[in-house]
Amino acid sequence: MLSTYEAAGVDIAAGELAVELMKSRVVRSRRPECVDDASGFAGLFDVSALLKYRRPLLATSTDGVGTKVDLARRLGIYDTIGHDLVGMVVDDLAVCGAEPLFMTDYIACGKVVPERIADIVGGIADACVLAGTALVGGETAEHPGLLEPDEFDVAGAATGVVEADELLGPDRVRPGDVVIALASSGIHSNGYSLVRHILRESTLTLDDTIAELGRTVGEELLTPTRIYALDCLALKNTSTVHAFSHITGGGLAANLARSLPSTVDAVLNRASWTVPPIFQLLQRYGQVAQADLDKTFNLGVGMAAIVPPEAADPILEIAATRGLPAWILGEIIPGTGKATFA
C-alpha cells in the first residue's frame, strides 16, 4: 500500500483553501505598522512606532478558550469563539495599561474543514479590530488520529506596549480607592468545565429556551467575551486609574486580589449589582454552592478598575459614553491583600 500525507489524514489543499477564505477578514485587522512578509512565514511589525515612548515596556500574554470550544463544536457555531480568544489574551495586557499591538493564533484540529477554519479565524480578526490589535499571523495544524475530525482547539498570543512610568498595578493602589465594576457579556470563557458537568448531570440542555434568558441555553453560553482593551485605554488616558483586574478563572475576588498590594483589602458589595440570570440558572440546575459559584465564574463582572475616589464619577461617565455598563462595586481599606464580599 502506498503511503501518502493525504492517506495519513492531512489535507494540504484544504489548508490552502482555508487560508484563501480567511484572507479578506484578516486584512481588516491591519494597523499602519504592519509590514508584509512575502514568504508568509512571519508576521512583521514596524517598531519604529515605539520611538515616541520615553521608556517603552513590551507586554505579552498567551491563552486559549478552554472547553468552551466543545460547545461551539456541538452547536456548529464557529464565528464567535475567536472573540473569546482575543478577549482572554488581549485584555490581560490591558490590566497593566498596555496598548495591544499585534496578535498571532494557533488552531489544532482533527480535520481541516476550510469553511470552519475561516469562520474561526475570521472571528479572531473581527475581534482584533474591536481591540485595536493587528492579527499578523497564525498557524492551522491538522492532527488526524490525535483529534477527532470535528474536534479543534484554539490558542493565541499578543504583544502590547506601555510607558514604564504609566505602568498600572498593585503598587498604585491605596486605602480609600474605589473599585469600579465593568460588566461582562456573560460567562466569557471560564468555568465551562463546570458548565459542561451541569449539562451532563442535570436536565438542562443546550436546546432549552429559558424565559429569563430570552433565548436558548446554547445561544447564551456561546455569547462572545466582551473585549475591554480599548475601553481600558480610554479610561486610563482620560482619567486616573490605579489598577485593573481581568476577571477570569478563579472568580471575582481571587482575580481582584491579584491587583492589590499586601497592605490593603478590597471589600465588595454584593448588593451593588444583580447577578445575570445565566449564573443563577446554572447554580439552580447544578445545585452549586455560593462559594463554588464565586470561585468559578465572573458573576457579571468581566473587568474591574481601581481608581482614586475623585475619579469614580468621571470613570463611570466615560464608561457610559462607550456603552459599557459600570458601577461602584466596593472600596479599598487597610488590610492584607484580600478581596472579600460584604
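Preceding this paragraph is the structure being described.
Remember, it's a predicted structure, so these values are computed and weren't measured experimentally.

Quick look at the sheet that holds strand β5 (residues 134-142)
Phase 1: Read across the open sheet, the four strands follow the order β3-β6-β4-β5; overall the sheet is mixed. The open sheet is flanked by β3 (56-64) and β5, the only strands paired with a single partner. Taken pair by pair, the neighbouring strands of this sheet meet at an average axis angle of 15°, ignoring direction.
Phase 2: Here ten bridges tie strand β4 (residues 99-109) to strand β6 (residues 152-163), and the two strands are oriented antiparallel to one another. Bridging from a neighbouring strand, Cys109 pairs with Phe152 of β6.

With respect to the pattern of salt bridges
Phase 1: Inspection of the entire model under this criterion finds 16 salt bridges.
Phase 2: Linking Arg31 and Glu33 is a salt bridge whose minimum nitrogen-to-oxygen distance equals 3.1 Å.
Phase 3: Arg31 sits in the buried class, given a relative accessible area of 14%.
Phase 4: With a shortest N-O distance of 2.6 Å, Arg322 and Asp231 are connected by a salt bridge. Of this pair, Arg322 sits in the loop between α11 (312-321) and β13 (326-334) while Asp231 is found in helix α7 (residues 229-238), placing the two residues 91 residues apart along the sequence.
Phase 5: The buried category is assigned to Asp231, whose relative accessible area is 12%.
Phase 6: One salt-bridge network, held together by shared partners, links Asp70, Arg73, Arg74, Asp150 and Arg196.

Reading the values: the criteria
Residues numbered from 1 in each chain as written. Predicted model: local features only at pLDDT ≥ 70, side-chain atom pairs only at ≥ 80, totals over all residues. Heavy atoms only, no water. Pairing = 2+ DSSP bridges. Helix = DSSP H or I, 4+ residues; strand = E, 2+ residues; numbered from the N terminus. Axes fitted to C-alpha atoms, helices over the stretch in contact; angles between N-to-C directions. Salt bridge = Lys/Arg side-chain N within 4 Å of Asp/Glu carboxyl O. Buried < 20%, exposed > 50% of the residue type's maximum accessible area, 1.4 Å probe, protein only.

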